[in-house]
Amino acid sequence: MPQPKAGEVLVRMSAATLNYRDLLVVEGTYNPKLRLPLIPVSDGAGVVQATGKGVARWRSGDRVTPIFFQGWLEGEPDREKLGTGLGAHLNGVLSEYGVFPEDGLLRVPDYLTDAEAAALPCAGVTAWSAIVKLGGVAPGDAVVVQGTGGVALFALQFAKLAGATVILTSSSDAKLAKGKELGADHLINYRAEPDWSRAVKDLTNGRGADLVIEIGGATTLAQSIRAVRVGGTIAMIGVVTGAAASAVPLPLVVMRQIRMQGVTLGSRADFMAMLRACAAVQLRPVLDEKRFAFDEVSAAFARMAAGEHFGKIAIEML
């Protein structure tokens, strides 16, 4: 049983959710230099059990969720802040108990379940940064969202909240139909339309999208570059299909003055801003229909690896 030191909080973890990064970590491909042993998984929620000396913000019984980068409280990122990520640089949340700095936690909104709250730290904040903080999406903008994973569905929800038109891509008609129910305005099955940038141009009267949420990586970047408008933005988030993209039309990036914006989550302050927006409209994260118990973690990772999920895969610890 870990014990909280001065300024620390002991949390009984009640739920966790998976990100693609977590899969890479447990497969050993995220960073071969990771120091082991390591507790994986970055996103979770739980209840405060005890506090160390000097902790004034939290009391036993408070429902909390740890922030992803424990050292990135506000401002711009730097090397030190980005070296404090849970589930890779630091031990993650896939345990019965965890100890976190007092500033490394945020209060869970009352209307959310523990599993829903556990979906927020990585996928939620990443999508918030891509759509709102860095993307600056405004009413009437056209946003392309790739896929139906955690970040993608948060991006869909936040883009609609901002008044944008959302074009959702997926290889599954069934998942596209679910995306439609969440508010997606246009649907593109990229298996049926591999040159999907043309469809985006058609849907935007030849202009192109204002923002593309780029999650695929190697096999999707070229299409994203062709799909975005002159002066538009590509939010680089994931490399699900690989990191080494070939045949990328780089001249178009220059000639069309396209902005390639890397997105690495956000700070504690960004997380707080997102929570205020979510609470204002009672926005709920999308959880995969299949839930897993703590002793079914391997099956949860297998579901993510197979790409069978829609939304966040939740592990319920209690």
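Residues numbered from 1 in each chain as written. Predicted model: local features only at pLDDT ≥ 70, side-chain atom pairs only at ≥ 80, totals over all residues. Heavy atoms only, no water.

Enquirer: Before we move on, can you summarise the overall build of the protein with the specific residues and values?
Expert: Counting secondary structure elements, the protein contains ten helices and 13 strands. Compactness check: the protein gives a C-alpha radius of gyration of 19 Å against a globular reference of 20 Å for 318 residues, within 12% of the reference. By its C-alpha atoms, the protein is 60 × 35 × 35 Å across when sized along the principal axes. Going through the 318 residues of the protein one by one, you find that 54% of them count as buried. For the protein, the proportion of contacts with a sequence separation of at least 24, taken over those separated by at least 6, is 70%. Carbon and sulfur atoms make up 52% of the accessible area of the protein, which amounts to about 14,000 Å² in all. (Helix = DSSP H or I, 4+ residues; strand = E, 2+ residues; numbered from the N terminus. Rg over C-alpha atoms; globule rule 2.2 N^0.38 Å. Buried < 20%, exposed > 50% of the residue type's maximum accessible area, 1.4 Å probe, protein only. Contact = heavy atoms within 4.5 Å. Areas by Shrake-Rupley, 256 points an atom, 1.4 Å probe, with all protein chains shown as cover.)

Enquirer: Residue-level account of the pairing of strand β4 (residues 97-101), with values.
Expert: Alternating positions in β4 separate cleanly, Gly 98 and Phe 100 being buried on one face and Tyr 97, Val 99 and Pro 101 remaining unburied on the opposite face. Pairing of strand β1 (residues 8-17) with β4, which is carried by five bridges, proceeds in the antiparallel orientation. Along β4, the bridge assignment pairs Leu 10 with Val 99. (Pairing = 2+ DSSP bridges.)

Enquirer: Break down the side chain of Gln 146 for me, citing the residues and quoting the values.
Expert: Note on placement: Gln 146 falls in strand β6 (residues 142-146). Within the structure, the side chain of Gln 146 is placed 3.0 Å from the side chain of Glu 214, a separation counted as a polar contact. One polar contact links Gln 146 to Thr 220, side chain to side chain, over a distance of 3.5 Å. With near-sequence residues (within four places) excluded, Gln 146 lies in contact with Ala 152, Thr 169, Trp 196, Val 212, Ile 213, Glu 214, Ile 215, Gly 216, Thr 220 and Ser 224. (Polar contact = N/O pair within 3.5 Å; in protein donor to acceptor, adjacent residues only side chain to side chain.)

Enquirer: Any details on helix α5 (residues 173-181)? Residues and values, ideally.
Expert: Every buried residue belonging to α5 is among Lys 175, Leu 176 and Gly 179, and all of these are buried. Burial along α5 is one-sided: seen end-on, the buried residues are contained in an arc of 100°. Away from the buried face of α5 by more than 90 degrees, exposed residues Asp 173, Ala 174 and Glu 181 are located. Between a side-chain oxygen at the N-terminus of α5 and the backbone nitrogen of Ala 174 the separation is 3.3 Å; the capping residue is Ser 172. Positioned one or two residues after α5, Gly 183 has a phi angle of 120°, which is positive. (Arc of directions from axis to C-beta.)

Enquirer: Can you break down the sheet that holds strand β7 (residues 165-170) residue by residue, with the values?
Expert: A sheet is described by the order of its strands in space; here six strands give the open sequence β8-β7-β6-β9-β10-β11, paired in parallel fashion. Of all the strands in the sheet, the pair left with one neighbour each is β8 (186-189) and β11 (259-262). Pairwise comparison of adjacent strand axes, ignoring direction, gives a mean angle of 20° for this sheet. With five bridges joining them, strand β9 (residues 209-214) and strand β10 (residues 228-236) adopt parallel strand pairing. Counterpart to Glu 214 in the pairing with β10 is Met 236. Against the sheet, helix α4 (residues 150-161) contacts β6, β7 and β9, and its axis sits at roughly 165° relative to β6. (Axes fitted to C-alpha atoms, helices over the stretch in contact; angles between N-to-C directions.)

Enquirer: Outline the packing of helix α1 (residues 20-27) against helix α10 (residues 297-306), listing residues and values.
Expert: For the pair α1 and α10, the least separation of the axes is 10 Å and the interaxial angle reads 110°. Between α1 and α10, the angle falls in the class roughly perpendicular. Crossing of α1 against α10: the hand is left-handed. Contacts between α1 and α10 involve Tyr 20, Asp 22, Leu 23 and Val 26 on the former and, on the latter, Phe 301, Met 304 and Ala 305. Partitioned by chemical class, the residues of the contact of α1 with α10 number six nonpolar, no polar and one charged. (Parallel < 35°, antiparallel > 145°, perpendicular 65-115°, else oblique. Left-handed = near helix turned anticlockwise from the far one by under 90°. Nonpolar A, V, L, I, M, F, W, Y, C, P; charged D, E, K, R; others polar.)

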